[in-house]
There are 2 protein chains.
Amino acid sequence: FFFDMATRDSGGTEHVLPQERAQATFDVEKVTNLLDGNEKATKRRRWFIGHNEGMGLTDRYNMRREDLFKKHCSDFITIHKKFPNFKPTNKDVQWMSSNSTMLGPFGNHYGLFCVTIQTHASEEQKSWWLPKALRFEMIGCYAQTEIGHGSNVRGLQTTATYDKGAQQFILHSPTLKACKWWPGALAKLSTHAIVYAQLFMEGKEYGLHSFLLQIRDHEHKPMLGVELLDMGPKTGTGNITDHGFMRLTQVRIPREFMLARFQQVTPDGKYIKTRQSGTDNIQYSTMVVTRVSMVAGAGAALAKAVTIATRYSAIRTQGFVDIRSSAHMAPERTILDYQTQRYRLFKQMATAYAIYFMGNRLFELSSTFTEGVGSSDSNFAEVMAISGGLKGLCTLMASDGIEDCRKCCGGNGFLLSSGIGALTGDYLEFPTAEGDAAMLMLYLARYLIKALQKTQSGGVLTSTCEYLNVVGQPGFSLEAQRSHIESTATMFANTSELVGLYRYRALRNLVMVGSDLQQKVLDGMSMDDAWSETSLKLVDAARAHCLYCILDTFAQICASIQDAAVRDVMSQLCAVFGLAHIRDQGDWVGVLDVKALKMSHEALSQMLGQLRPNAVALVDAFDFPDRVLNSTIGRFDGKVYEALYEAAQRSAFNKHDPFEGYEDVLRPHLDLEFLKRGNVVPTASKL
Amino acid sequence: FFFDMATRDSGGTEHVLPQERAQATFDVEKVTNLLDGNEKATKRRRWFIGHNEGMGLTDRYNMRREDLFKKHCSDFITIHKKFPNFKPTNKDVQWMSSNSTMLGPFGNHYGLFCVTIQTHASEEQKSWWLPKALRFEMIGCYAQTEIGHGSNVRGLQTTATYDKGAQQFILHSPTLKACKWWPGALAKLSTHAIVYAQLFMEGKEYGLHSFLLQIRDHEHKPMLGVELLDMGPKTGTGNITDHGFMRLTQVRIPREFMLARFQQVTPDGKYIKTRQSGTDNIQYSTMVVTRVSMVAGAGAALAKAVTIATRYSAIRTQGFVDIRSSAHMAPERTILDYQTQRYRLFKQMATAYAIYFMGNRLFELSSTFTEGVGSSDSNFAEVMAISGGLKGLCTLMASDGIEDCRKCCGGNGFLLSSGIGALTGDYLEFPTAEGDAAMLMLYLARYLIKALQKTQSGGVLTSTCEYLNVVGQPGFSLEAQRSHIESTATMFANTSELVGLYRYRALRNLVMVGSDLQQKVLDGMSMDDAWSETSLKLVDAARAHCLYCILDTFAQICASIQDAAVRDVMSQLCAVFGLAHIRDQGDWVGVLDVKALKMSHEALSQMLGQLRPNAVALVDAFDFPDRVLNSTIGRFDGKVYEALYEAAQRSAFNKHDPFEGYEDVLRPHLDLEFLKRGNVVPTASKL
Ligand SMILES: Cc1cc2nc3c(=O)[nH]c(=O)nc-3n(C[C@H](O)[C@H](O)[C@H](O)COP(=O)(O)OP(=O)(O)OC[C@H]3O[C@@H](n4cnc5c(N)ncnc54)[C@H](O)[C@@H]3O)c2cc1C
Ligand SMILES: Cc1cc2nc3c(=O)[nH]c(=O)nc-3n(C[C@H](O)[C@H](O)[C@H](O)COP(=O)(O)OP(=O)(O)OC[C@H]3O[C@@H](n4cnc5c(N)ncnc54)[C@H](O)[C@@H]3O)c2cc1C
């Protein structure tokens, strides 16, 4: 290297992270095991992500979409063809996607197309298509959303009209609004699509059904009657997926191509339900699996951002220790030692941990009905509601948190090569795709209001809603439930006291919005209107419920830890999660008074100090390889300044010098004579 | 068009916005005048932005960085060469950049390079360089930040060593950390740079000074001893600027190339201050101007996002009016009619208006010392502090707000062609560039604490700090200052009552953090440490002060409006601003009790209903031409679905079909025989 890199002043920062690591009070590997679930799970995860080795994408920030697309296809097929008979669990799949260096259209083929065939096709249909799809002999996508309809799925307008004579369905886009819009892998990659359409037979409407349609032929040209377009570039520079537009003009498919696990149309046009009783909900199980994965994925995405920002903040110094010093080489503070910076990072770190644990719990809660085919479970409605609400909240917390971590990196967070600059944009799809966050929170609120009504009329609630049972008890009063946490900083550092506060807030929010709703209906409003007028508060109630669940889960994990050092640091992090979301959120009036709030801030401030020595170790525990972080400023060895310089050298914009167009747009204006003279004082005659 | 677009069901939405506009209760043009300042200002603004006509960038979302860079250069020079002798005001410049279709490196040449010569160079130096720079005969950039130092400017490490014998300065980057890093226009465009460096003479350190350096020769090749690199791609797909790395190796410039308005080095190496007393602060005036512009610019950027999201939300329908309806063509709700959506949009709309008015006030406050050269002003310190704090807060509110507006557009907000997808990424530089937001808030806090101490020791404060004077009054008690707003929804709709609440909160935050600091110092902490330990609360106090100023400014504007219809709608919007920032922020405990909070929510909910008919007219008033919005879903005529389809047709990714690489990476895996058969039921033998 052309510079002496011996000291921190010169830019040599190699020694910093080892020093930080030496201060840690706990065994990092144990925390990694905790995040994965257990030791065996860590091993399994490492085995998985090991197969991506050698598929780094150091240059991805400078690559064209076309080349990234090609590389994604090639890498994905190479990895997955290695294990043709291996069936990964849902958690395995989440690990793989959280550790891939780039997401892309094949996620839709595996994660949506194959999964839908698995869950919606009859056994015969599966035998036709599934093996081919898993061997990449056909590639598919999931075409549900249309230009006109996303959230309101029931309003989709593509029609599937049964032609009894030909024994065929005619798939058609009657309007512009009915054209498919957004399905990933639709525009360029797929040979087939699962198409959602409204079934019509003899003029009668039978509702939404899914059909298999071949959309490209053996030369990969669009089939007759199928118009395909890529929708154009998207937010997030890594978003290479070929989200597509598809217009169908009277395309015919055989009667046998309606996915037939749950219903069939007979040759003579009779509609028969083949679903067994008790399996009604299984239709939605794909959706639940996806949402559970997205919760866990939110934790992982935020963890990546926190890893980068924390390492960089431990290395970066900025601002003189003595602010009055006049020598430009006076000692400086590490930015992680500023309270504002420390708070922002530990808050996001705690949130990432909290979401990880919540994700693990959701995987468990949903395992009963995602593994057994056709199984039914009374918990299903709850898991569906809570996983939706958590998908909404956690993806929002992650996208906001990633962006705040990015800002914590100052200017360098703005460079894609920082890793975190790219992550911010790339993550933005998640609060929207597979269900808009605001919508899902309202959906959870609907479930919670029903639960409230159930307990009010004597029913008994379980699982995440168990705490609502008090409402059904005779003589219930909200005030009596109030958690009287003693106003000392010590009490606010206590995780179970914090859980009590969150539980009370959740209860309070729900009971109050429930009576608001009731009052509006009593006053003569329709239920739909009352609902709409109350929706801000309903969202608040759903959020309070989710945050209670997350904190409660985190606290339970803490309580179960054997190793004292690990338990201490996890409990501190758990408290930071609780205290930070007290600090930054609006609805604590009525729960905490002035003094309590002051003490909660005090506790938070102390906790931030206690956690400081463990900062780097706590992000190391997330265990992301450098290849996955793909970050100049967040790499494990901490050599950030060399890495930044090297990344600049790789910038594609350096290829041309002078820049393309210089001759045309700039040169004619410049004073070339003046420039020829160089750095000399102009004489009067030569001005 | 190939589809019938007659009705909303088919995707024809041309009739929607005219209907919305017909409902407006006020004259849009009058509100536009209010935003601009007055009628004349609107005219002037339209005259300006008219000159960009024909420089649309409809295809920019599909263009390569290289081509965008070239187009930016060509457009910028074309427009500015038209008016060689025109001197725009600071506000003019802000209008121009808020209405340009793309920001780029020339902003650095005009906005930083020329301005610094104007303010820091001697008259003689100006005559050498300024006319050339304004005629594009030389192009410059502003090279302050280094790899190692951004916020802590005094810590910069580039050295300028005076060689008395040669009468030259030797500019040098002694370490990697000392290399320049981030200056826009440095890597590719500029022929010259203003270089900040530590001045050394005979081993003695004289602090930071600025120097002019030619960095490229007449063939646009880097000069000897100058290494230049583009830093690589950045967040924000429109960010084409050639932010650069520059390493200097013993580069010599004549003694006369130190910018010499405020000091000189004599031939024999004497350091002489040439600054007149009373002009000390003028050094920072460029910075203040930039920050004031960035406040106003934050309003404009947020206004663009709100315009797009509001128009789209008035057009988009989603969700059946009767949620139990089973027909897929049942009537649907306009999404702007969902309370959650309405709240999010009106909150951002109110915030955009609030920032506009605050920006105008800041332009006025700063006009005395930005216009007169060498003038001094006792207000300077305050304007410097408040414009910094507001720059921090407003750019943060804008970037968060733009992103929330983007989310309000569902999936389509994720497309760059929506305009809002591109805006989110492109805007992200502003909370960081020209001073990190967190840093600037702390800087304001420092000023406020001093102001507090001043009034406590009998001094008198003016302008935005006037309200703090009560603290100096004998027998001052915080409790007695408490604003006892009567807890009814009507009172919460009253803007001056709201201003009182915000004033009290600001006072309370500041007084409390002030005594915290004092206590810590009394307990034996050093002031630097006490400061660091309190910085979260200091940031809160600075934010509360800024929000009070913004709300107060807005309320004063409302009070001054003659036209009753305009006054009504502006007052509602002002109240929404105040109420929304009550709803979403954490520090109202101790200011509002449970009942008051409930009433504030009630008032907010009512206000959202009252504003509903004016939604589209209120964003029309921002007066952004379609060319500037460059948005499929936010265009004035509301034909969103046609526009989305057309944008998809323009996607560069559609050029190749099959996609580039298909033959290599996909074809070998596909079952071509199977695909050749098309949509037919496989027979057993052909599986
Ligand atoms: C990156 C990406 C990938 C995708 N991949 C696929 C795919 O592979 N296959 C596929 O079929 N689709 C896909 N989608 C589509 C996705 O599922 C939809 O974008 C999503 O469901 C939201 O629908 P929408 O875009 O129509 O938004 P809208 O439903 O129009 O929502 C717009 C706004 O209205 C609000 N709103 C809507 N309804 C209500 C209500 N009832 N109450 C309150 N507020 C409401 C929302 O909160 C939002 O703010 C993808 C989308 C993205 C962005
Ligand atoms: C798009 C863009 C354009 C730019 N253009 C130019 C240009 O033309 N010319 C030029 O010279 N520079 C330019 N810059 C550089 C810019 O001015 C710096 O990035 C900015 O000042 C922040 O400095 P930094 O990046 O070193 O961040 P740092 O100072 O390293 O900050 C990193 C983190 O530390 C925190 N922090 C730092 N100091 C303190 C403190 N004392 N107290 C509490 N927290 C602290 C910050 O809040 C932040 O979270 C540009 C930057 C960007 C992103």
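Conventions used here
- Residues numbered from 1 in each chain as written.
- Chains lettered and ligands numbered in written order.
- Predicted model: local features only at pLDDT ≥ 70, side-chain atom pairs only at ≥ 80, totals over all residues.
- Heavy atoms only, no water.
- Helix = DSSP H or I, 4+ residues; strand = E, 2+ residues; numbered from the N terminus.
- Polar contact = N/O pair within 3.5 Å; in protein donor to acceptor, adjacent residues only side chain to side chain.
- Contact = heavy atoms within 4.5 Å.
- Core = buried A, V, L, I, M, F, W, Y, C linked by side-chain atoms within 4.5 Å.
- Buried < 20%, exposed > 50% of the residue type's maximum accessible area, 1.4 Å probe, protein only.
- Salt bridge = Lys/Arg side-chain N within 4 Å of Asp/Glu carboxyl O.
- Pairing = 2+ DSSP bridges.
- Axes fitted to C-alpha atoms, helices over the stretch in contact; angles between N-to-C directions.
- Near = heavy atom within 4 Å.
- Areas by Shrake-Rupley, 256 points an atom, 1.4 Å probe, with all protein chains shown as cover.
- Least-squares fit on C-alpha atoms with pLDDT ≥ 70 in both.
- Buried area = accessible area lost by both parts, 1.4 Å probe.
- Nonpolar A, V, L, I, M, F, W, Y, C, P; charged D, E, K, R; others polar.
- Domains from an automatic or database assignment.

Colleague: Got a minute to help me understand the side chain of A:His109 in this structure?
Modeller: Residues and elements named next belong to chain A. Take His109: it is sitting in helix α6 (residues 106-120). Within polar-contact distance, the side chain of His109 engages the backbone nitrogen of Gly140 at 3.0 Å. Ignoring anything within four residues of it in the chain, the contact list for His109 reads Cys114, Ala133, Phe136, Met138, Ile139 and Gly140.

Colleague: Help me out: how do you make sense of the nonpolar core in this one?
Modeller: Soluble, globular proteins show a tendency: their nonpolar side chains are buried together. By size, the foremost hydrophobic cluster in this structure holds 311 residues, and its most contacted members are A:Tyr353, A:Phe492, A:Met570, B:Tyr353, B:Phe492 and B:Met570. Apart from residues no more than four positions distant in its own chain, B:Tyr353 is found in contact with B:Val31, B:Leu35, B:Phe554, B:Met570, B:Leu573, B:Leu618, B:Ala621 and B:Phe622.

Colleague: What exactly am I supposed to notice about the pattern of salt bridges here?
Modeller: Where side chains of opposite charge bring their charged atoms close, a pairing between them can arise. Considering all chains together, one arrives at 96 salt bridges over all chains under this definition. Linking B:Asp528 and A:Arg324 is a salt bridge whose minimum nitrogen-to-oxygen distance equals 3.6 Å. In this pair, B:Asp528 is assigned in helix α16 (residues 527-533) and A:Arg324 in the loop between β12 (317-320) and β13 (332-334), connecting two distinct chains. Given the relative accessible area of 62%, A:Arg324 is considered exposed.

Colleague: Got a minute to help me understand the sheet that holds strand β7 (residues 226-230) of chain A in this structure?
Modeller: Within a sheet, adjacent strands bond to each other through the backbone by hydrogen bonds, running parallel or antiparallel. Sheet architecture is open: three strands sit in the order β4-β8-β7 (chain A), paired in antiparallel fashion. Each end of this open sheet is capped by a strand with a single partner; those strands are β4 (180-181) and β7 of chain A. Pairing between β7(A) and strand β8 (residues 244-248) of chain A: five bridges, direction antiparallel. Its bridge partner lying in β8(A), A:Val226 is registered against A:Leu248. Of the strands in this sheet, β4, β7 and β8 of chain A touch helix α22 (residues 640-650) of chain B, which is tilted by about 75° from β7(A).

Colleague: In this structure, what is going on with the site of ligand 2? I would like to understand it.
Modeller: Residues in contact with ligand 2 amount to 32 residues; listed here are only the nearest, A:Arg316, A:Gly411, B:Thr145, B:Ser151 and B:Asp436. Near ligand 2, the surrounding residues are drawn from chains A and B. One of the backbone N or O atoms of B:Tyr142 is found 2.9 Å from a nitrogen atom in ligand 2. Between B:Ser151 and ligand 2, the recorded distance is 2.5 Å, taken from a side-chain N or O atom to an oxygen atom. Considering ligand 2 on its own, with 960 Å² of exposed area, one finds that the protein chains cover 93% of that surface.

Colleague: Explanation requested: the relation of the copies chain A and chain B in the structure shown.
Modeller: Superposing the two chain copies requires a rotation about an axis and a translation along that axis. Structural alignment of chain A on chain B gives an RMSD of 0.0 Å, achieved by rotating through 180° and translating 0.0 Å along the axis. Taken together, the rotation and translation relating the two chain copies correspond to the operation of a two-fold axis. A symmetric contact is evident, with 100% of the interface residues of chain A recurring at the interface of chain B.

Colleague: Whenever I open this one, the sheet that holds strand β7 (residues 226-230) of chain B confuses me. Can you help?
Modeller: Spatially, β4-β8-β7 (chain B) is the arrangement adopted by the three strands of the open sheet, whose pairing is antiparallel. Each edge of the sheet is formed by a strand with only one pairing partner; in this case those strands are β4 (180-181) and β7 of chain B. Sitting on the sheet, helix α22 (residues 640-650) of chain A is in contact with β4, β7 and β8 (244-248) of chain B, with an inclination near 75° to β7(B).

Colleague: Any chance you could explain the interface of chain A and chain B here in plain terms?
Modeller: Interface size is commonly expressed as the accessible area that is lost once the parts come together. Taken together, the 186 residues of chain A in the interface contact 187 residues of chain B. Between chain A and chain B lies a buried interface of about 15300 Å² when both sides are counted; carbon and sulfur atoms form 59% of it. Contact with chain B buries surface across chain A, with A:Phe414, A:Phe653 and A:Asn679 losing the most and accounting together for 6% of the total. Connecting chain A to chain B are 18 salt bridges. Where chain A meets chain B, there are 66 residue pairs in polar contact (both at pLDDT 80 or more). Element by element, the count of residues in the side of chain A that touches chain B is highest for helix α4 (residues 65-81) of chain A, at eight residues. Broken down by class, the residue content of the side of chain A that touches chain B amounts to 75 nonpolar, 56 polar and 55 charged.

Colleague: Before we go on, may I ask you to explain the domain arrangement of chain A in this structure?
Modeller: Residue and element names in this part refer to chain A. When cut into domains, chain A gives domain 1 (66-134), domain 2 (140-280) and domain 3 (286-473 + 488-619). Each partner contributes to the interface: domain 1 provides nine residues, whereas domain 3 provides 12 residues. Taking both sides of the interface into account, the surface hidden between domain 1 and domain 3 amounts to around 890 Å²; carbon and sulfur atoms contribute 58%. Run the count over domain 1 and domain 3 and you get zero salt bridges. At the level of secondary structure, the elements contributing two or more residues to the side of domain 1 that touches domain 3 comprise α5 (90-98) and α6.

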